[in-house]
Amino acid sequence: MQVFIDSFASNEPVAGAAVEIDTPSGILTGIETEPGVYAFAAPWITTPGSYDLAITVIADAGFDVLVGSLTIPAPPAPSVVEASAAEVLAAGVLGDLRARLTARDVSLAVVGGLGLLIGIVAMLVLRRPHRRAAAKVAVIALAVLSAAPAPGQAEVAAASAALPAPAAVTRDVAQRFPDSGLFVPKGTQRVLGIRTLLTVSEKHGRRVELPGRVIPDPNASGYVQASLEGRLVAPKGGFPQLGSMVKAGQIVAIVEPTIGAVDMADRQQQIREIEQQLELVTRRLDRGRQLSGAVAKTQIEELEIEQESLMAQRDALVSLTDISENLIAPVDGVIASGQAIAGQIASPGVTVYEIVDPDRFWVEALSYRSETLGAEAVAVFADGTTVDLAYQGTGLADQGQAVPVRFSVVGQAEGLRAGQLLRVIAATPADQEGIVVPRDAVLRGANGQLVVYVKTNAERFVQREVRVEPLDGDTVLVVAGLEVGLRVVSQGAELLNQIR
């Protein structure tokens with residue numbers, strides 16, 4: 001006899017315990033064959049009846065006595081298959097023939113010859129009138145001779161006419177009942193790793209769930225953009241690639257300005273006009289210096305200033321074709337997006353590179369209700385991993401009928417990347433009372449409602465419809481559908497839901 005011993009609250013196997021059973025044949029000590037399974041030598045269980053048992057368990061968790069009764073039902077009486085008269089007659093004939101062949105009875109040859117003779121006579125008679133009556137007599141005689149049992153064979157035929165039906169083979173397997181309840185044997189529970197928890201009602205801070213995404217920290221990220229239009233040229237060492245580290249002030253690209261034919265013609269015309277004005281001013285200045293006694297000194301100074309101005313304008317227009325711009329990384333970080341290619345045209349305001357610090361990220365969520373949020377929050381990703389967040393602020397301008405809310409990532413932001421989608425569970429100042437269960441314990445039922453599995457006895461589970469509110473990344477708060485003191489399946493609920 002095998003006895004499965006599990007913890008009542010958690011359904012965990014009780015291993016390493018001392019187990020004794022007070023039975024009709026005395027006190028038996030169990031041998032642990034595997035964790036939580038104890039075997040007993042109990043030959044008395046082959047005898048039908050009801051036996052009162054007292055199981056004493058001494059384990060690290062404490063001492064307990066389990067009292068119950070074991071009922072061994074009597075085996076069912078073999079069912080009898082009723083045979084028809086034809087089946088009994090056939091069984092008798094076959095038994096007689098088998099016995100005579102085994103004993104090599106001479107009468108068998110006599111009967112066979114007599115039957116052959118009767119057959120010949122019947123054929124002759126059938127050629128004359130009244131052959132139908134003669135045929136009936138011949139057939140009846142043949143049947144009577146064939147069906148006449150030998151002495152002692154009537155009992156064999158009667159015994160073969162009442163044969164017991166084969167017994168049905170039954171197995172103790174998990175199955176689902178019409179009311180959606182489940183019967184799960186203890187052995188199956190061990191394989192599925194079913195664990196439970198006792199429900200307790202407590203007060204917790206109310207949480208709200210918001211959609212969000214990962215964004216770079218505004219204080220540790222930056223854009224590399226050109227201020228003029230031109231072609232990109234690789235700096236010394238080449239263009240940095242995606243994922244490479246750069247330092248603040250590092251040249252990541254060079255922009256060489258490009259000038260079109262029309263712009264070049266306009267610029268040359270401006271240069272010629274300035275040179276023409278410069279030539280006139282220079283001549284006037286030379287004549288004034290020659291007639292220094294007749295020309296006022298202030299007039300000569302004005303001509304000199306005008307000459308210097310025209311010369312500066314000419315030099316500026318001439319040097320525009322030779323000016324290039326160095327694109328510099330604004331912060332330390334990693335190239336997150338963008339790609340520069342030699343010969344690519346860069347336009348003013350267009351981002352060439354985006355640089356982020358891989359250790360500093362924020363999360364931007366969208367709130368569709370005006371609620372006051374607390375300082376703590378948690379981000380939940382699609383794979384179930386969580387990251388702690390700290391509230392930074394809420395915007396005042398709507399973005400698609402929602403208000404942006406920003407959080408900073410607490411601690412190391414390993415594995416995060418800009419643009420990742422997630423769910424933000426943020427705390428509010430309000431309190432809410434309910435029962436805390438793991439998020440994996442809540443399933444979607446056949447009718448679309450949220451359900452949990454409740455263990456009602458050792459091997460039976462039932463579904464309960466619930467209403468939940470978000471609590472954190474790993475647990476939810478059940479606010480309706482459960483009472484205190486129930487054993488809710490906290491691990492393996494998804495496997496239970498697959499039983500049919």
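Before reading further, recall that the structure is shown in the block above.
Remember, it's a predicted structure, so these values are computed and weren't measured experimentally.

*Asks:* Please provide a residue-by-residue account of the overall build of the protein chain, values included.
*Replies:* Regarding its fold elements, the protein chain presents eight helices and 32 strands. When each of the 500 residues of the protein chain is scored for burial, the buried share is 31%. Restricting the contact set of the protein chain to residue pairs at least 6 apart, pairs at least 24 apart contribute 69%.

*Asks:* So what's going on with the packing of aromatic side chains? Which residues, and what values?
*Replies:* By the definition in use, this model includes two aromatic pairs. When the ring of Tyr391 is compared with that of Phe407, the centres are 5.8 Å apart and the planes differ by 65°; the resulting orientation is edge-to-face. Placement of Tyr391 in strand β24 (residues 386–394) and of Phe407 in strand β25 (residues 403–409) is noted, with a sequence separation of 16 residues between them. Its relative accessible area of 0% is what places Phe407 among the buried residues.

*Asks:* Describe in detail the sheet that holds strand β2 (residues 18–23), supporting the description with residues and values.
*Replies:* Overall, antiparallel pairing links the four strands, which are arranged β3-β2-β6-β7 in an open sheet. Pairing within the sheet leaves two strands with one partner each, and these edge strands are β3 (26–29) and β7 (62–72). The average angle at which neighbouring strand axes cross in this sheet is 20°, direction not considered. Looking at chain direction, β2 and strand β6 (residues 49–59) are connected through five bridges and run antiparallel. Counterpart to Ala18 in the pairing with β6 is Ile58.

*Asks:* Kindly report on unusual backbone geometry, identifying the contributing residues and their values.
*Replies:* The phi torsion at Asn11 lies on the positive side, around 65°, for a residue other than glycine. Looking at the secondary structure, you find Asn11 in the loop between β1 (2–4) and β2.

*Asks:* Explain the sheet that holds strand β21 (residues 351–356) to me, using residue names and the numbers behind them.
*Replies:* Ordered by their spatial adjacency, four strands build an open sheet running β14-β21-β19-β16, and the pairing between neighbours is antiparallel. Of all strands in the sheet, those with a lone pairing partner are β14 (221–225) and β16 (245–246), marking the two edges.

*Asks:* Now, about the pairing of β7: what can you tell me, with residues and values included?
*Replies:* Of the strand pairs in this sheet, β6 and β7 are connected by 11 bridges, and their pairing is antiparallel. When the bridges of β7 are listed, Gly49 appears paired with Ile72. Linking two consecutive strands that pair antiparallel, namely β6 and β7, is a turn of two residues.

*Asks:* For the environment of Gln399, give the residues involved together with the corresponding values.
*Replies:* Topologically, Gln399 is positioned in the loop between β24 and β25. The exposure class of Gln399 is partly exposed, given its relative accessible area of 41%. Measuring from C-alpha to C-alpha, the distance between Gln399 and Tyr368 comes to 9.8 Å, with 31 residues separating the pair along the chain. What Gln399 contacts, discounting residues up to four positions off in sequence, is Leu366 and Pro404.

Rules behind the numbers
- Residues numbered from 1 in each chain as written.
- Predicted model: local features only at pLDDT ≥ 70, side-chain atom pairs only at ≥ 80, totals over all residues.
- Heavy atoms only, no water.
- Helix = DSSP H or I, 4+ residues; strand = E, 2+ residues; numbered from the N terminus.
- Buried < 20%, exposed > 50% of the residue type's maximum accessible area, 1.4 Å probe, protein only.
- Contact = heavy atoms within 4.5 Å.
- Phe/Tyr/Trp six-rings, centres within 6.5 Å; stacked < 30°, edge-to-face > 60°.
- Pairing = 2+ DSSP bridges.
- Axes fitted to C-alpha atoms, helices over the stretch in contact; angles between N-to-C directions.

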